[in-house]
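The residues making up each chain are set out below.
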Amino acid sequence: MRENMPTGGLAAVRYCWKFIIDRARLNDPVQAVKLALRALAVRAADLDTEIKELESALATLVHATVPTLVSKAGIGMIHTPNCWSLPTRILRSYAARRRSRGSARSHQCH
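Keep in mind that what you see is a predicted model, and the values were worked out from it rather than measured.

Draft legend 1. How the structure looks around the overall build of the protein chain. Scanning the protein chain for helices and strands turns up four helices and zero strands. Helices (α) and strands (β) of the protein chain occur, in sequence order from the N terminus, as α-α-α-α. Put simply, the protein chain has 110 residues, and 22% of those count as buried. At a minimum sequence separation of 6, the contacts of the protein chain that also span at least 24 residues come to 32%. Carbon and sulfur atoms make up 58% of the accessible area of the protein chain, which totals about 8,100 Å².

Below you can see the structure in the form of structure tokens.
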């Protein structure tokens, strides 16, 4: 089993996802390992989906709150939270925009 398994990443998740477990033979270590690896693969795939959804939501929030931030050299969606504290600044910016009825408020990386 080990010799055919990819070394990591989504390839390993896809490989383990396909395991067929003989639940009548869970006392066999191979079947028990397959069960555990398949359960981990399901969790990893679910987390990957959740990460993609959250990255999309983050991109929407960043573009709505600080549209020029991602156009700066070296700043991307993954690095953006390092430049400003999320969600505090998003909420403050949103509240400020609501109070001023749409006037822009600039944000700088600290």
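Draft legend 2. Main features of the packing of aromatic side chains. Counted according to the given criterion, the structure contains one aromatic pair. A ring pair is formed by Tyr15 and Phe19, whose centres lie 5.5 Å apart and whose planes are at 80 degrees; its orientation type is edge-to-face. Looking at Tyr15, the relative accessible area reads 25%, which means it is partly exposed. Over the aromatic face of Trp17 sits the side chain of Arg38, whose NZ or CZ is 5.5 Å from the ring centroid.

The rules we used
- Position labels on residues start from 1 in each chain and follow its written sequence.
- Under the rules for a predicted model, residues below a pLDDT of 70 receive no local features and side-chain atom pairs below 80 are neither given nor counted, while totals for whole chains, interfaces and linings still include all residues.
- Each side-chain value is worked out from all heavy atoms of the structure, with water and hydrogens disregarded.
- Secondary structure elements follow DSSP: runs of H or I no shorter than four residues count as helices, runs of E no shorter than two count as strands, and numbering proceeds from the N terminus.
- Three labels apply to residues, based on accessible area from a 1.4 Å probe with only protein chains included: buried if under 20% of the type maximum, exposed if over 50%, partly exposed otherwise in between.
- Contacts between residues were defined by any pair of non-hydrogen atoms, one from each residue, lying within 4.5 Å.
- Surface exposure here means Shrake-Rupley accessible area, sampled with a 1.4 Å probe, where a residue is shielded only by the protein chains that are shown.
- Each Phe, Tyr or Trp ring (for Trp, its six-membered ring) is paired with any other whose centre lies within 6.5 Å, and the angle between the two planes then decides the class: stacked below 30 degrees, edge-to-face above 60, tilted in between.
- Two thresholds decide whether a charge sits over a ring: the Lys NZ or Arg CZ must be within 6 Å of the ring centre and within 35 degrees of the ring normal.

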